[in-house]
Amino acid sequence: MSDSQSQPAHSPGTGDGPAEAAATLLLSGARLADGRTVDVRLGGGRIEAVGTAGSLAAHFSRVDLNGFLLLPAPAEPHAHSDTALTAFGPEGPVSYATEDVQRRATEAALLQLGHGATALRSHVRIDDVRGLEPLEAALQTRRSLRGLAELSVVAVPRLLTGVAGADGLAMLRDAVKMGASVVGGCPDLDPDPAGYTEAVLEIAAEHGCAVDLHTDGDDPARLSRLAAMSGGLRPGVVIGPCAGLSRLPREAVARAADQLAAAGVTVVCLPQGVCGMTDRQGTPPVRMLRAAGVRVAAGSGALRDISNPVGRGDPLEAAYLLASQAGLRPEDAYGAVSTAAREAMGLPEVRVEAGFPAELLAVRGERIAGVLSLAYSRIVIHRGRVVARTSAVREYCDSAAAVALDLPRQGRADGGREGA
């Protein structure tokens, strides 16, 4: 099987302005999760019509999705673009100069776009050593990705309480003024976790920002205080990865889940590993959380940095792990990286129905369970146009078994290729 490669895919109407979302595109012969085979017409960045296969006029640009499953596109609710791709870099300390962070952040975003994530939320650390340069780099990346993917930036200060936290508070306010749309951090690392959380929530309320906090979630009293402080905040509050919940007694998890659900707090777990802000691996008890009414989304966390040198940033891998290890149905597992992830990020809902945003992922396969197992070939659609393609080809050497099963074979006259 050849290595999968993804790259931005050009289609009619590409450009850097509103015209890129205005061109009409027909997706023909796509299979939906409910088993129907349909044509889907896109225009103006939205789904204009969904009809039975062959029912929609094809006098405009067309993409043949025969053999592909068409799904709402995943979103990445927990990335760390400032540290991404640093595990195997040059010798010496990692550079956080603006141009270096921007290069890494752009490459990481495009890798995740190739996997299907058309929207990403990146946590970026700000402190007295790095200053605001990494944040500025992430904001520049957001601008450069316009038309390919949406990138939102979380400002992550280290300390916010006591004398040492005064600079962090000032820096966090500056970050919001610069364009960070989400405020976050890790209360667990501050000498006063409750004070840290309170400071973040105050700044969020001041500026109308969303909140996204790192926590291991292993302290029930701390979770209870966080839920009490977060209730009713709009935009909402997200916490994660909460791996510590899996180590608490079942009764404590049930109480925490009820409190988080009542406060409308979303939990973002990281099935693929850790991130640089927390060092404990594991997935919280997602079935208990969901049963209590907590919205649970899944993200990737570290992408090939020192925390997870083999991190892939693939939302379908996160969904696969939720299905194979956390006991979720494949449909619910995919929902954690698509519908729930978009809700956690404050993005509009996507369905393959007329009127919804044209944020879509086509994966070769027939059912969600199948594509979570073998999801090599993908077509990614953002704002109604194809922005990335990944194609994989599997071939077998000539043999009696290959002939008997009519498998795609190397060197066969007809090409003998089968997409995967």
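Everything in this summary refers to the structure shown in the same document. (Residues numbered from 1 in each chain as written. Predicted model: local features only at pLDDT ≥ 70, side-chain atom pairs only at ≥ 80, totals over all residues. Heavy atoms only, no water.)

1. Here we look at the packing of aromatic side chains
Rules: Only Phe, Tyr and Trp rings are paired, with Trp represented by its six-membered ring, and only when their centres lie within 6.5 Å; those with planes under 30 degrees apart are stacked, over 60 edge-to-face, the remainder tilted. We count a charge as sitting over a ring when the NZ of a lysine or the CZ of an arginine lies within 6 Å of the ring centre and within 35 degrees of the ring normal.
Taken as a whole, this structure holds zero aromatic pairs when the rule is applied. The side chain of Arg 104 reaches across the aromatic face of Tyr 96, ending 5.5 Å from its centre. The ring of Tyr 96 carries Arg 130 above its face, with NZ or CZ at 4.1 Å from the centroid.

2. What about the pattern of salt bridges?
The condition is simple: Salt bridge criterion: a side-chain nitrogen from Lys or Arg within 4 Å of a carboxyl oxygen from Asp or Glu. Where helices and strands are cited, they refer to DSSP runs of H or I of at least four residues and of E of at least two residues respectively, numbered from the N terminus. Buried, partly exposed and exposed residues are distinguished by accessible area as a fraction of the type maximum, computed with a 1.4 Å probe on protein chains only: under 20%, between the cut-offs, and over 50%, respectively.
Summed over the entire model, instances satisfying the criterion amount to 20 salt bridges. A salt bridge links Asp 314 to Arg 378; its shortest N-O distance comes to 2.9 Å. Linking Asp 314 in the loop between strand S14 (296-298) and helix H8 (315-324) with Arg 378 in strand S16 (residues 378-382), this pair joins segments that are 64 residues apart in sequence. For the pair shown, Asp 314 and Arg 378 are each scored as buried. Of the charged contacts in the structure, one is a salt bridge between Glu 353 and Arg 351, with a shortest N-O distance of 3.8 Å. Among the charged side chains, a network of salt bridges with common partners joins Arg 290, Arg 329, Glu 331 and Asp 332.

3. Describing the sheet that holds S14
Rule in force here: Two strands qualify as a pair provided that DSSP identifies no fewer than 2 bridges between them. Here an axis means a line fitted to C-alpha atoms, over the contact stretch when the element is a helix, while the angle between two N-to-C directions is reported on a 0 to 180 degree scale. Any two residues whose heavy atoms approach within 4.5 Å at even a single point are treated as in contact.
Strand order in the open sheet formed by eight strands is S7-S8-S9-S10-S11-S12-S13-S14, and the pairing between neighbours is parallel. Edge positions in the open sheet fall to strand S7 (76-79) and S14, since each of these has one partner strand only. Across the sheet, the mean angle separating the axes of adjacent strands is 25° when strand polarity is ignored. Contacts from helix H2 (residues 133-144) reach strand S8 (119-126) and strand S9 (150-157) within the one sheet, and its direction differs from that of S9 by about 170°.

4. Some thoughts on the packing of H8 against helix H9 (residues 330-337)
Quick reminder of the rule: Roughly parallel means an angle under 35 degrees; roughly antiparallel means over 145; roughly perpendicular covers 65 to 115; every other angle is labelled oblique. The crossing is said to be left-handed when, going from far helix to near helix, the turn is anticlockwise and less than a right angle, and right-handed when the turn is clockwise.
The interhelical angle for the contact between H8 and H9, taken along N-to-C directions, is 140°, at an axis separation of 8 Å. Classified by the interaxial angle, the pair formed by H8 and H9 is oblique. Our pair here, H8 against H9, has a crossing hand that is right-handed. Side by side, H8 and H9 meet where Pro 315, Leu 316, Ala 318, Ala 319, Leu 322 and Ala 323 of the first sit next to Pro 330, Ala 333, Tyr 334, Ala 336 and Val 337 of the second.

5. A closer look at helix H1 (residues 98-115)
Applied cut-off: Here a helix's expected span is defined as the number of its residues, less one, multiplied by 1.5 Å.
The first and last C-alpha atoms of H1 sit 26 Å apart over 18 residues, in line with the 26 Å expected at 1.5 Å per residue. Residues of H1 that are buried include every one of Thr 98, Val 101, Arg 104, Ala 105, Thr 106, Ala 108, Ala 109, Gln 112, Leu 113, Gly 114 and His 115, and no others. Phi for Gly 116, located one or two positions after H1, is positive at around 130°.

6. Observations regarding unusual backbone geometry
Among all residues save glycine, negative phi is the norm, and among peptide bonds the norm is trans. In the segment running from Gly 240 into Pro 241, the intervening peptide bond is cis, with an omega of 0°. With respect to the helices and strands, Pro 241 occurs in strand S12 (residues 237-241). Positioned with a positive phi, Cys 242 is a non-glycine residue whose angle comes to about 60°. Considering the arrangement of structural elements, one finds Cys 242 in the loop between S12 and helix H6 (250-263). By relative accessible area, which is 0% here, Cys 242 ends up buried. Phi is positive for Arg 383, which is not a glycine, with a value near 55°.

7. Some words on the pairing of S12
In plain terms, the rule: Handedness is read with the strands pointing away from the viewer; a crossover is right-handed when the path from the first strand over the helix to the second is clockwise.
For S12, the buried fraction is high: five of the five residues fall into the buried class. Sheet analysis places strand S11 (residues 210-215) next to S12, joined by five bridges and oriented parallel. Following the sheet pairing, His 214 is matched in S12 by Gly 240. Between the parallel elements S11 and S12, the chain passes through helix H5 (residues 220-230) in a crossover that is right-handed. Strand direction decides the pairing type here: S12 and strand S13 (residues 266-269), joined by two bridges, are parallel. Looking at S13, one finds that Ile 239 is bridged to Val 267. Handedness of the β-α-β unit built from S12, H6 and S13 comes out right-handed.

Read these as layout, nothing more, since geometry by itself doesn't imply function.
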